[in-house]
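Chain by chain, the residues run as shown.
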Amino acid sequence: MRRIFRLPNQLVAALLVAVLPTRTATAQWSQVYEQFYLQAPHNWTFRTEYTHADRLFNAFDYGHAILYETLWRKPEAPASLLEEKEYAFLVNRVLVRPPRNPLEEAAIEPMYARLAPEAKMMFDWAHVLHRQLYDILADERLDQATKDREVQRVIAYYKSRPDLAFSSKPKSMALMQEQPYSLAFRTKYPKFNGLIWAYHWLQVGLYEPLMVGRTREERQAGVRATVSRFFQMLDDAPRQLPHQMPMTPAVAPAFAARYPEAAIVFDNLHSMHDVVSDILANPSVPRDRKRAEILRAARLFKDDTSYVMGSTEAWVRMSQHMGIENMGGPAVGFIPVMPTPSVTYGAVMTHDDRTGEMTGFKYGSATGGDHAAHGAAAPKPGSATAAHAGHTAPAPAPAAGGHEGHAMPAAGAHDGHASPATPASAASALHLRMLGDSVIRARVMADTAMHRMAMEAMQAMTPAEREQMMQRMHGAGHEHGVMHGSGGAPAPTPRATAPATARPRRAPKAATPKTTTPKAAPARDPHAGHGTHGP
Amino acid sequence: MPHQSRRLALVAAALLSARASLGAQTDYFNTDAGRPLTIEDAYALERRSIEIQGAPLRLERIRGGQYRWGIEPELSVGLFPRTQIEIGVPLVFVDDPSRGDRRAGAAGVDMSVLYNLNRETSLPAFAVGVGALLPAGSLGPRDPYGNAKVVMTRTFPAFRVHANAQATFGPRLSLPAGSPDPVGGNTLELSRWLAGVAVDRTLPLRSMLLAAEVFARAPLVRGQPLEWNAGVGTRWQANVRWAMDAGIGRHLTGDDRGWYLTLGGAYAMGWPWRPARR
């Protein structure tokens, strides 16, 4: 008998020594590792219950991956490669016939996966969280208390990997779009960037119909409607694509109010997607620095101290001030027409990190006659504060999504009892009349600029007229929840909201108006009055 | 009957050599020794995952119309970061019509550990592994056999390359000249060492991997020549839980230039988890 001890440890050692002699090699030594999703009875329920929507997420994986791979491997390629060729393939092929299974992104972005496996795995891990939350919310066997418990368990599992988990502290938008490399991607590839933002809109937006639907049928119809809305965005790209990164509190207010930790993680995730795109797309970051910059950004998005906003309320307010109409609009309860953005594409607003209030523009500007009417002095490029000097800090603007579920009186009901209050002016009567129409009302509620104007118009009204306006806009009681700019903590329980359906949603039948004094102060449009800043 | 025992040890060692080491990974992209190719990649099963391979099948046709079937139910666990631990029980069926020899039985207990050292960056990914085939079953070896291996994976834009090198340690075997080999000779015998390269290409939208390999091995039986083998195979993600594989290969040199076929499926699930109590 003879023992064979050939090819021993020396071979391993020799291989490692051969490739690890330098500091550079040490910097390239990565030991990040994959982890299986949390095993639970609700695994893959969303896939079963909402097959088409689930497959779209597989398609999104492809879009993200091919983007990074192209930016990294073909930096000299013309913009048309992404803006035309890849975009067309995504929209006409991948999104139309999405893959059946979750994709292995490393197979699509092999070179990017080699560049920054740590960042790639952060994305993967957050995407796992996304899918597990869909599963919980889609599981009809779970009651609300169980869903809450499971969501917390899944979040705890997510956070059990601090090397991969995004911070659950809200980060300032400055981390995403005020870095030296920022804006490179959105300016060179506006269409693809808008597509990515549309992805992110749907990824957070799909929580909303699952949250607010009261029955399985409502949830099913709501998801279908939200998916349809996503495709509507693609009809006229980039005009109808989001002009700002969709923020979860604005797009999915009920979800963000109930599960703020998860919502914050997703906003941080989506921010970092943009950051990686900018780093890869910006030629001012040398190729041999890109990995280091991505890893630096990853560290900042993981820690709980860098670029952290003052509070969760500040994050909510910042999201509102960015304007839901700039993010693709609400995910439920929308009207057929896409909202008109109130800022230029990819505009960079600055915010007070402590309060979340908008302070100005660093890039781009407000758009539209109403905004232009505020006529701020032409700012100096790069000066965010100059243009806003003297402006009153904008009050929180209600997000359209936050109004979902309010009992809005139907037009017919109001037509029948419009007479008790006598309008002091024809303008007031016109306002009341218009808000009696469910379509107009929904449009106003979905557009922060119009909502602000309506609120301002109320200042000229009598208390009775004001009350009527509030009732028509916000329904009986018209309490303002977290999304109405109260600045309070997210409400623990989401409002029961009628889900969107495949057809334009009709407002619920009238609730009995309550004769309470309106408590909402007129909100100012956070975009109003801000001038244009150069990049 | 020491001579007979050694022959049976050959039988028992068959699956060990064929599989090189036990392997199991969650999805189609992570190749796995023996599923379908012998050469595998450097990545371990995901942490906290469990993979069950119910009945991965290997069919071999060797000289004289002799067929051999091997099935190896196995359990794999991603117990630690970048570490997979596996245990399996190879079952071997031998059918030799020319001698009316039909036998079946367990061929030992197979255990292995694969430890991934790093994730690929500008450096390749490396892994090291150890394994053992323990005596058990009617066709199991008389002595335990161990092995150690080194694995490397390098990714290129259009394909990946994997390189494996493995050594087996344990008693070397001697068969008297002219002795009939009860299991068909050196087609599935243990390797004194094995080295090879595989190349794979992914069809990501189809969740499918196409792979080809070539490897050489020195048989554990004294006096038998170096053997070259080649194979092709595919892995396919059937759904979120099941990854299927199929492969075919041929012995290119040596006395026995038979072919082999593999077919299998692996079911993946997670390890239960509860938040740590504070």
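Bear in mind that the values here come from a model prediction, so they are computed numbers and not experimental data.

## Overview of the overall build of chain A
Here is step 1: In terms of helices and strands, chain A carries 25 helices and two strands.
Here is step 2: When contacts within chain A are restricted to residue pairs at least 6 apart in sequence, those whose partners lie at least 24 apart make up 81%.

## As for the overall build of chain B
Here is step 1: Across its full length, chain B holds one helix and 16 strands.
Here is step 2: Out of the 278 residues belonging to chain B, those deemed buried represent 53%.
Here is step 3: Considering only residue pairs separated by 6 or more positions, chain B has 60% of its internal contacts joining residues 24 or more positions apart.

## Concerning the pairing of strand β12 (residues 191–203) of chain B
Residues and elements named next belong to chain B.
Here is step 1: The pairing of strand β11 (residues 160–169) with β12 spans eight bridges and is antiparallel. Across the sheet, the residue bridging to Gln166 is Leu194, located in β12.
Here is step 2: By the bridge criterion, twelve bridges tie β12 to strand β13 (residues 208–219) in an arrangement that is antiparallel. Note that in β13 the partner of Thr202 across the bridge is Leu209.
Here is step 3: With antiparallel pairing between neighbouring strands as the criterion, β12 and β13 make up a hairpin whose turn holds four residues, including Ser207 at a positive phi of roughly 50°.

## Looking at the pairing of strand β14 (residues 227–237) of chain B
Consecutive side chains of a regular strand alternate in pointing toward one face of the sheet and then the other.
Residues and elements named next belong to chain B.
Here is step 1: The side-chain alternation of β14 yields one buried face, formed by Glu227, Asn229, Gly231, Gly233, Arg235 and Gln237, and one unburied face, formed by Trp228, Ala230, Val232, Thr234 and Trp236.
Here is step 2: Of the strand pairs in this sheet, β13 and β14 are connected by ten bridges, and their pairing is antiparallel. Directly across from Ala216, in β14, lies its bridge partner Trp228.
Here is step 3: Bridging between β14 and strand β15 (residues 242–251) involves nine bridges; their strand directions are antiparallel. Among the inter-strand pairings, Gly233 is bridged to a residue of β15, identified as Gly247.
Here is step 4: Taking the residues that link successive antiparallel strands as the turn, the β14-β15 hairpin has four residues.

## A look at the interface of chain B and chain A
Here is step 1: The partner chain A presents 44 residues to the 42 residues of chain B that form the contact.
Here is step 2: When residues of the side of chain B that touches chain A are traced back to their parent elements, those giving at least two are β9 (125–134), β10 (145–155), β11, β12 and β16 (259–270) of chain B.
Here is step 3: Of all the elements, β11 of chain B adds the most residues to the side of chain B that touches chain A, at four residues.
Here is step 4: In terms of residue class, the side of chain B that touches chain A is built from 21 nonpolar, twelve polar and nine charged.

## Considering the nonpolar core
Here is a general trend for soluble globular proteins: nonpolar side chains tend to be buried in one another's company.
Here is step 1: Residues Met122, Trp125, Leu129, Val154, Ala198, Val251 and Ala262 of chain A are the most contacted members of the largest nonpolar core, which totals 133 residues.
Here is step 2: By residue number, the principal contributor to this core is helix α8 (residues 117–138) of chain A, which donates 13 residues.
Here is step 3: Core analysis: the next-biggest nonpolar cluster, separate from the first, contains twelve residues, Ala44, Leu45, Ala125 and Val151 of chain B among them.

## Considering unusual backbone geometry
Here is step 1: For the bond running from Ala237 of chain A to Pro238 of chain A, omega is 0°, close enough to zero to count as cis.
Here is step 2: Here Pro238 of chain A shows up in the loop between α14 (216–233) and α15 (248–251).
Here is step 3: The step from Arg35 of chain B to Pro36 of chain B runs through a cis peptide bond, and the omega angle for that step is -5°.
Here is step 4: Structurally, Pro36 of chain B is set in the loop between α1 (2–19) and β1 (49–53).
Here is step 5: The phi dihedral of Tyr307 of chain A is positive, around 55°, even though this residue is not glycine.
Here is step 6: Note that Tyr307 of chain A resides in the loop between α18 (287–302) and α19 (312–322).
Here is step 7: A residue is classified by how many C-beta atoms lie within 10 Å of it, and Tyr307 of chain A, with 20 of them, is buried.

## Examining helix α5 (residues 80–94) of chain A
Residues and elements named next belong to chain A.
Here is step 1: With 15 residues, α5 should reach 21 Å at 1.5 Å per residue; the first-to-last C-alpha distance of 18 Å falls well below that figure.
Here is step 2: Bending of α5 peaks at approximately 30° at the position of Tyr87.
Here is step 3: Those residues of α5 lying buried are Leu82, Glu86, Tyr87, Leu90 and Val94.
Here is step 4: In this structure, the buried side of α5 is in contact with α4 (51–73) and α12 (190–205).

## Points about the environment of Pro78 of chain A
All names here are of chain A.
Here is step 1: Along the chain, the position of Pro78 falls in the loop between α4 and α5.
Here is step 2: You can call Pro78 exposed: it has 10 C-beta atoms within 10 Å.
Here is step 3: Separated by 241 residues in sequence, Pro78 and Ser319 place their C-alpha atoms 34 Å apart.

## Some details on the environment of Arg354 of chain A
Here is step 1: Along the chain, the position of Arg354 of chain A falls in the loop between β1 (348–351) and β2 (358–363).
Here is step 2: Taking the C-alpha atoms as reference points, Arg354 of chain A and Ser228 of chain A, separated by 126 residues in sequence, lie 37 Å from one another.

## Section: the confidence of the model for chain A
Residue and element names in this part refer to chain A.
Here is step 1: Across chain A, pLDDT averages 78, with 66% of residues at or above 70.
Here is step 2: The model gives residues 369–423 a pLDDT under 50, and that stretch makes 153 contacts with residues more than four places away or in other chains.
Here is step 3: The low-confidence segment residues 528–535, where pLDDT is below 50, has 35 contacts with residues more than four positions distant or belonging to other chains.

## Points about the packing of α8 of chain A against helix α17 (residues 260–281) of chain A
For any two helices packed against each other, the geometry comes down to the angle between their axes and how far apart the axes lie.
All names here are of chain A.
Here is step 1: Across the interface, α8 lies against α17 with an axial gap of 11 Å and an inter-helix angle of 145°. As α8 runs across α17, the sense of the crossing is left-handed. Contacts between α8 and α17 involve Ala119, Phe123, Ala126, Leu129 and Leu133 from the former and Ala262, Val265, Leu269 and Val276 from the latter.

## A word on the environment of Met461 of chain A
Residue and element names in this part refer to chain A.
Here is step 1: Inspection of the secondary structure assignment puts Met461 in the loop between α24 (448–457) and α25 (463–474).
Here is step 2: Met461 sits in the buried class, given 20 other C-beta atoms within 10 Å.
Here is step 3: Taking the C-alpha atoms as reference, Met461 lies 56 Å from Asp163; in sequence the two are 298 residues apart.

## Considerations on the packing of α17 of chain A against α18 of chain A
Residues and elements named next belong to chain A.
Here is step 1: Viewed as axis vectors pointing N to C, α17 and α18 meet at an angle of 165°, and their least axial separation amounts to 10 Å. Our classification of the angle between α17 and α18 gives roughly antiparallel. The handedness of the crossing between α17 and α18 comes out as right-handed. Seen from α17, the contacting residues are Asn268, Met272, Val275, Val276, Ile279 and Leu280; seen from α18, they are Lys290, Glu293, Ile294, Ala297 and Phe301.
Here is step 2: For the contact of α17 with α18, the class distribution of residues is eight nonpolar, one polar and two charged.

## Topic: the confidence of the model for chain B
Residues and elements named next belong to chain B.
Here is step 1: Mean pLDDT over chain B: 83, with 83% of residues reaching 70 or higher.
Here is step 2: Scored below 50 in pLDDT, residues 1–26 shows 97 contacts in the model against residues more than four places distant or in partner chains.
Here is step 3: Within the model, pLDDT remains below 50 along residues 178–188, and this stretch shows 33 contacts once partners closer than five positions in the same chain are excluded.
Here is step 4: For this predicted complex, the interface score ipTM comes out at 0.87, while the overall pTM is 0.77.

Quick notes on the rules
- Residues numbered from 1 in each chain as written.
- Chains lettered and ligands numbered in written order.
- Predicted model: local features only at pLDDT ≥ 70, side-chain atom pairs only at ≥ 80, totals over all residues.
- Helix = DSSP H or I, 4+ residues; strand = E, 2+ residues; numbered from the N terminus.
- Contact = placed C-beta atoms within 7 Å.
- Buried ≥ 20, exposed ≤ 12 C-beta atoms within 10 Å, placed from the backbone.
- Pairing = 2+ DSSP bridges.
- Nonpolar A, V, L, I, M, F, W, Y, C, P; charged D, E, K, R; others polar.
- Core = buried A, V, L, I, M, F, W, Y, C linked by C-beta atoms within 7 Å.
- Expected span 1.5 Å × (residues − 1).
- Bend = angle between axes of the 7 residues up to and from the residue.
- pLDDT = per-residue confidence, 0-100.
- Axes fitted to C-alpha atoms, helices over the stretch in contact; angles between N-to-C directions.
- Left-handed = near helix turned anticlockwise from the far one by under 90°.
- Parallel < 35°, antiparallel > 145°, perpendicular 65-115°, else oblique.

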